[in-house]
Amino acid sequence: MTAAAIELKGAAKAYGALAAGYALRPTDLTIGAGEYVAIVGKSGSGKSTLLNLIAGLDHATSGQVRVEGQDLAQLSENRRARWRGGRLGIVFQFYQLLPSISVLDNLLLAMSLAPRRKRGGPSARNRALALLGLVGIAPLADRTPGTLSGGQQQRAAIARALANDPPLLLLDEPTGSIDSDATLEVLAVLDDLHRRGATLVVVTHDPDVAARAGRRITLRDGAVVGDESAA
């Protein structure tokens, strides 16, 4: 049996007094290590909430979220941040690159958060440049994010997410702001990561992106209403 990378047991995110409503309704969900999963659904269906709970960026108001066997509710904010730095790669919908430093330094900063990787040094720099080359923007390494196009910033965000060889990669609309050619390049990178054993969870509105995944989970009004594996 494939080990579970992600387990939700009755996990929910409520808002308002006495749980007046749910961003995510009580959910049971298991994602195995090495799976490539697409989370789909209309805007407001709970996709980003689910991703944020898995990443430990938000707290479940009830139930349990375990990632690689770790109950996220048992971690302090500082320990959760260190855990993310070493075990997760996250690509946000709106990049979240630090605007005052170069693209290269954004990657080097991400590398410094992983306890198993040496801070700085030529090896880190060479790896960062190789990752920027992988997503096609190595010539832009010394530029700040604000001088890049939206598509170039998204590629930089993907490179940063890969900085520490994370076993689990979470992506929120990774191709939402890039053109069709760049989308194919990004999807090829994700395919390669999956072949190498990474667990990928991708929130997307794009049916072409969802079609590359081996499993598609559909949310509606904060609830899982579909869970299909590719034929």
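It should be noted that the structure appears before, not after, this text.
Colleague: Is there a simple way to think about the sheet that holds strand E1 (residues 4-15) in this case?
Modeller: The strands that make up a sheet pair up through hydrogen bonds in the backbone, lying either parallel or antiparallel. Sheet architecture is open: four strands sit in the order E2-E1-E4-E5, paired in antiparallel fashion. The open sheet has two free edges, formed respectively by strand E2 (21-32) and strand E5 (70-71), since each of these has just one partner strand. Where E1 lies against E2, eight bridges are found, and the strand directions are antiparallel. Each residue of the ladder has a partner; that of Ala4, found in E2, is Gly32.

Colleague: Help me out: how do you make sense of the packing of helix H3 (residues 103-112) against helix H5 (residues 150-161) in this one?
Modeller: Remark: H3 packs on H5, axes separated minimally by 9 Å, with the N-to-C direction vectors making an angle of 25°. One element, H3, and the other, H5, form an angle in the roughly parallel class. H5 is crossed by H3, and the crossing has right-handed handedness. In contact with Val103, Asn106, Leu107 and Ala110 of H3, H5 contributes Ala156, Ala159 and Arg160. Taken together, the residues of the contact of H3 with H5 break down into five nonpolar, one polar and one charged.

Colleague: What is the right way to look at helix H2 (residues 77-87) in this model?
Modeller: Three- or four-residue spacings in an α-helix give side chains the same orientation, since the helix completes a turn every 3.6 residues. Here H2 has its buried residues at Arg80, Trp83, Arg84, Gly85 and Gly86. Tucked into the core, H2 has its buried residues touching helix H1 (47-55), strand E4 (62-67) and strand E6 (88-91).

Colleague: How should I be thinking about H5 in this particular structure?
Modeller: Its twelve residues place the ends of H5 17 Å apart at the C-alpha level, agreeing with the 16 Å of an ideal helix rising 1.5 Å per residue. Counting buried positions over the twelve residues of H5 gives ten, a clear majority of the element. The complete set of buried residues in H5 reads Gly151, Gln153, Gln154, Arg155, Ala156, Ala157, Ile158, Ala159, Arg160 and Ala161.

Colleague: Can you help me understand the pairing of strand E8 (residues 199-203) in this one?
Modeller: Here is the key point about a regular strand: its side chains alternate between the two faces of the sheet. Of all five residues that make up E8, five are buried, and the element is covered over most of its length. Of the two faces of E8, the one carrying Thr199, Val201 and Val203 and the one carrying Leu200 and Val202 are both buried. Bridge count for strand E3 (residues 36-40) against E8 is four bridges, and the pairing is parallel. Of the residues in E8, the one forming a bridge with Ala38 is Val202.

Colleague: Whenever I open this one, the nonpolar core confuses me. Can you help?
Modeller: It is characteristic of soluble globular proteins that their nonpolar side chains tend to be buried jointly. Counting residues in hydrophobic clusters, the biggest one holds 42 residues, and the most contacted among them are Leu169, Leu190 and Leu193. Looking at this core, the elements with two or more residues in it are E3, H3, helix H4 (121-134), H5, strand E7 (168-172), helix H6 (180-195), E8 and helix H7 (207-212). The leading source of residues in this core is H6, at six residues. In this view, Leu190 contacts Tyr36, Leu169, Leu171 and Leu200; residues no more than four positions away in its chain are not counted. One finds Leu50, Leu51, Ile54 and Val67 within the second-largest nonpolar core, a separate group that totals 27 residues.

Colleague: Sorry, what's going on with the pattern of salt bridges here?
Modeller: Side chains carrying opposite charge are able to pair once their charged atoms draw close together. Throughout the structure, instances matching the rule amount to ten salt bridges. Note that Glu77 and Arg80 form a salt bridge whose closest N and O atoms lie 3.2 Å from each other. Of the two residues, Glu77 and Arg80 both sit in helix H2, three residues apart, roughly one turn of that helix. Take Glu77: its relative accessible area is 48%, and that puts it in the partly exposed class.

Colleague: Help me out: how do you make sense of the environment of Leu162 in this one?
Modeller: Relative to the helices and strands, Leu162 resides in the loop between H5 and E7. For Leu162, a relative accessible area of 5% puts it in the buried group. Counting along the chain gives 88 residues from Leu162 to Gln74, while the straight-line C-alpha distance between them is 26 Å. When residues no more than four places from it in sequence are discounted, the contact partners of Leu162 are Arg127, Leu131, Leu134, Leu169, Val189 and Leu193.

Colleague: I'm lost on the sheet that holds strand E10 (residues 223-229) in this one. Help?
Modeller: The mixed open sheet is built from six strands, whose spatial order is E6-E7-E8-E3-E9-E10. Because the sheet does not close on itself, it has two edges, and the strands there are E6 and E10. On average, each strand axis in the sheet is tilted by 15° relative to the strand beside it, whichever way the strands run. Pairing of E6 with E7, which is carried by four bridges, proceeds in the parallel orientation. Each residue of the ladder has a partner; that of Ile90, found in E7, is Leu170. With respect to the sheet, H2 is in contact with E6 and E7, its orientation differing from that of E6 by roughly 90°.

Definitions and limits used
- Residues numbered from 1 in each chain as written.
- Predicted model: local features only at pLDDT ≥ 70, side-chain atom pairs only at ≥ 80, totals over all residues.
- Heavy atoms only, no water.
- Pairing = 2+ DSSP bridges.
- Helix = DSSP H or I, 4+ residues; strand = E, 2+ residues; numbered from the N terminus.
- Axes fitted to C-alpha atoms, helices over the stretch in contact; angles between N-to-C directions.
- Parallel < 35°, antiparallel > 145°, perpendicular 65-115°, else oblique.
- Left-handed = near helix turned anticlockwise from the far one by under 90°.
- Contact = heavy atoms within 4.5 Å.
- Nonpolar A, V, L, I, M, F, W, Y, C, P; charged D, E, K, R; others polar.
- Buried < 20%, exposed > 50% of the residue type's maximum accessible area, 1.4 Å probe, protein only.
- Expected span 1.5 Å × (residues − 1).
- Core = buried A, V, L, I, M, F, W, Y, C linked by side-chain atoms within 4.5 Å.
- Salt bridge = Lys/Arg side-chain N within 4 Å of Asp/Glu carboxyl O.

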